[in-house]
Every structure is written in structure tokens, then in C-alpha cells.
Amino acid sequence: MRRRVRFLSAVVVFAVPFVLSAGCSGGGVDVKVSGDFGRLPEVRFPKGAPGDSFAVKTVREGKGTAARKGDLVVADYVGYRWNKGGRKLLASSYSKGEPGAFPTGQLVPGLTKAFDGARPGSRVVARIPPRDGFGDEGDPKHQVGAGDTLVYVLDVRAVYPRTAGPHGARQAPLDEPGLPRVADAPAGQALAVTMPRSAPPKGLQVRALVKGDGPAVRKGQLLALQYAGYFWRDGKVFNSSWSEGHPFGVMIGTGQVMKGWDQGLVGQRVGSRVLLVVPPSLGYGSKGLAQFGIRGSDTLVFVVDLLGAH
């Protein structure tokens, strides 16, 4: 999977695993897949080398929103490397006990094509030749050679469109002295946040702007979310999922994100829009994060939409 350097990979040790789409037949692909949706599939390969064309097949049809480029797909998966020397299992969400988060449009071309049109509840199988995968260079980090075909089986749990937002009971507009004011914005855009002229609070501040109608977020879950981050000092946005063009997936409550997120988002309900004011000690500490212009003294403000938890 292609991964660009982005802010969230600094907020999070980004938990999107080595994921590419899974293989079965369609147009000459003769990999056989069996088993129930949501459970480790049995994958049987034929003798010999794989074909050199891309192929995808939906072996179980789901319902709901069909995935399109720019959406976030949450899916369970197994992924194999296949060449004339044989095949090898490279990755499995089942062994890790957590699904993968796939930002379509940020993946190798074969994965983006495999997810196109997939609906929650679908099992998709794809064979991805090198030209639709990692090309002539391969990906040594993930044990993929230049001539390797990738075969993945994907059980799609959920699809989150790029315009996804909160759902629940909208709270009264926040007009609390010493805290930022948040104004609505059209779907798919970062919200306008106005900072107070006072000094920032010393401790973490958490306010629900929309109280979600879903279950409470638990430690160790994969969250699908939209977010924007702002500097307290001048109100400028330093990064957002809306500017990146797709929602994100992060593991919460396990130390993979900044402490302010772990402490502030666990216990909130899915569907919520949450305002977080994060002091330096719960953000990036005295070192800050120079690549995003974050100083060691910066208090950071986030608006986070909790789209789903898995």
C-alpha cells in the first residue's frame, strides 16, 4: 500500500497494516476461496505461476453505501504473495484481531480498483499483478519482490464516504469563556474555529458539540474519523482529513496516538463531534513537531468527528 507522509502518521503510529486486496478468480483467476464472511477464509491456489492480468470478483454481495475513490473502507483481510516459486501469506487481520483501514485513492492502483463499488458485508477477492501493485521495484519492507502478484481476500465491514460527518443530538453552540468557538461548515470541509484572546487552559478540555447516537468508544478499537487540527496561538489549520480528501482510521486508547486523543476520545459515543483542547504535555511535549510547525509550547485544538468504531 502506498503511504504518503501526513500529519496523522505523526499523531498516530498509523495502524493501516500492509494491505492490498485479496485474490480470487474473475477473468481467468483460479484461486478458490471458501468460508464464512468475517472469519478466516480458506484460500487454495492452483499449481504454477499466476496470470499477468488484474482480476477482481465479489464472492459475497453486501448492502449499503458502495465504496468510491476518496472513501475510507474498514475491512478484515488476508494477503498473499504469489510468484512462480509459490505463495506465502504476508498479512492477516484475523491473526492480529483488528481490521484494517483502507483510504481508497491512497493505495496501490489494484487495491483502489478492487474496492470500487464494494459494499459493507461484501467479500471481495482480487489478483493484483506487479503493474497494479508495487511495480518493478517491489516493496522489500513487506517481502514483495518486483515480479510478485498480490492476492487478497477482503471482508468489507464498513464504508465511510469523504463527506461523512457526525450523527446524533446537536448540542447548544459552545459559548464557554476561555474555550474556542466552532462554526458549522459545508459537508466535506474543515470547520471554522475562533480562538479566545485569553491564555490557553493548562489541562485537557473535552466538549461534545454533537452527542453521538452510537455506542461508547472503547480502548483498543479502530476509529474511523474526520478531524482538523488548529493552533491556539493563531487559529490556523495545520492539518485535516478534509484537506487530505478522505477520513482516517486510527487505533485508540493504546498509546498509538497522542495522549490527549487517547484520554479525550475513549468513552465518547460514535457519531459525536468532539472539541479537544490539548496542552503540550498531552500533545507533542517540549520538542513539538517541526515538520508541521508545531512548537514545544503550542496548545493544539482539534475538532474530531467519530464516524465509527471497530
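Only a predicted model underlies this, so the values are computations on that prediction, with no experimental measurement involved.

1. Some points on the environment of Leu 225
Reasoning step 1: Note on placement: Leu 225 falls in strand β13 (residues 222-231).
Reasoning step 2: Look at Leu 225 and you get buried, because its relative accessible area is 0%.
Reasoning step 3: For the pair Leu 225 and Leu 107, spaced 118 residues apart in the sequence, the C-alpha separation amounts to 18 Å.
Reasoning step 4: Ignoring sequence-local partners within four residues, the contact set of Leu 225 consists of Pro 247, Phe 248, Val 250, Trp 261, Val 304, Asp 305 and Leu 307.

2. Describing the side chain of Thr 112
Reasoning step 1: With respect to the helices and strands, the residue Thr 112 is situated in helix α3 (residues 109-115).
Reasoning step 2: Once you skip the residues sitting within four places of it in the chain, Thr 112 turns out to touch Gly 105 and Leu 107.

3. Quick notes on the confidence of the model for the protein chain
Reasoning step 1: Here the protein chain shows a mean pLDDT of 88. Residues at 70 or above account for 91%.
Reasoning step 2: Residue range residues 1-7 is modelled with pLDDT below 50. Its contacts to residues more than four positions away, or to other chains, number 31 contacts.
Reasoning step 3: Across residues 9-28, where pLDDT falls below 50, the model places 94 contacts with residues more than four positions away in sequence or in other chains.

4. Thoughts on the pattern of salt bridges
Between side chains of opposite charge, a pair can form when the charged atoms approach closely.
Reasoning step 1: Inspection of the entire model under this criterion finds 13 salt bridges.
Reasoning step 2: In this structure, the salt-bridge partner of Asp 132 is Lys 113, at a minimum N-O distance of 3.4 Å. Here Lys 113 lies in helix α3 and Asp 132 lies in the loop between β7 (123-128) and β8 (149-160), a separation of 19 residues in the sequence.
Reasoning step 3: Asp 132 gets classed as buried once you look at its relative accessible area, which sits at 11%.
Reasoning step 4: A residue is classified by how much of its surface remains accessible, and Lys 113, at 39% relative accessible area, is partly exposed.

5. Notes on the pairing of strand β14 (residues 237-240)
Two faces, one strand: in a regular strand the side chains alternate between the faces of the sheet.
Reasoning step 1: Here 3 bridges tie β13 to β14, and the two strands are oriented antiparallel to one another. Following the sheet pairing, Gly 229 is matched in β14 by Asn 239.
Reasoning step 2: The turn linking β13 back onto β14 is made up of 5 residues, and Gly 235 within it adopts a positive phi angle of 80 degrees.

6. Describing the packing of aromatic side chains
Two measures describe an aromatic ring pair: the distance that separates the ring centres and the angle between the ring planes.
Reasoning step 1: What the rule picks out here adds up to 10 aromatic pairs.
Reasoning step 2: For the pair Phe 45 and Trp 82, a centre-to-centre distance of 5.1 Å together with 75 degrees between the ring planes defines the contact as edge-to-face. Highlighted residues: Phe 45 in the loop between β2 (42-44) and β3 (55-60) and Trp 82 in strand β4 (residues 72-83), separated in sequence by 37 residues. Accessibility assignment for this pair places Phe 45 and Trp 82 in one class, buried.
Reasoning step 3: Members of the aromatic cluster, each reached through a chain of ring pairs, are Tyr 227, Phe 231, Phe 238, Phe 248, Trp 261 and Phe 302.
Reasoning step 4: Taking the ring centre of Phe 37 as reference, the NZ or CZ of Arg 60 above it sits at 4.8 Å.

7. Side note on the pairing of strand β6 (residues 100-103)
Reasoning step 1: Side-chain alternation along β6 places Gly 100 and Phe 102 on one buried face and Ala 101 and Pro 103 on a second face that is also buried.
Reasoning step 2: Judged from the 4 bridges that link them, β4 and β6 form a sheet pairing that is antiparallel. Paired with Val 74 across the two strands is Ala 101, which belongs to β6.

The rules behind the values
- Residues numbered from 1 in each chain as written.
- Predicted model: local features only at pLDDT ≥ 70, side-chain atom pairs only at ≥ 80, totals over all residues.
- Heavy atoms only, no water.
- Helix = DSSP H or I, 4+ residues; strand = E, 2+ residues; numbered from the N terminus.
- Buried < 20%, exposed > 50% of the residue type's maximum accessible area, 1.4 Å probe, protein only.
- Contact = heavy atoms within 4.5 Å.
- pLDDT = per-residue confidence, 0-100.
- Salt bridge = Lys/Arg side-chain N within 4 Å of Asp/Glu carboxyl O.
- Pairing = 2+ DSSP bridges.
- Phe/Tyr/Trp six-rings, centres within 6.5 Å; stacked < 30°, edge-to-face > 60°.
- Lys NZ or Arg CZ within 6 Å of the ring centre and 35° of its normal.

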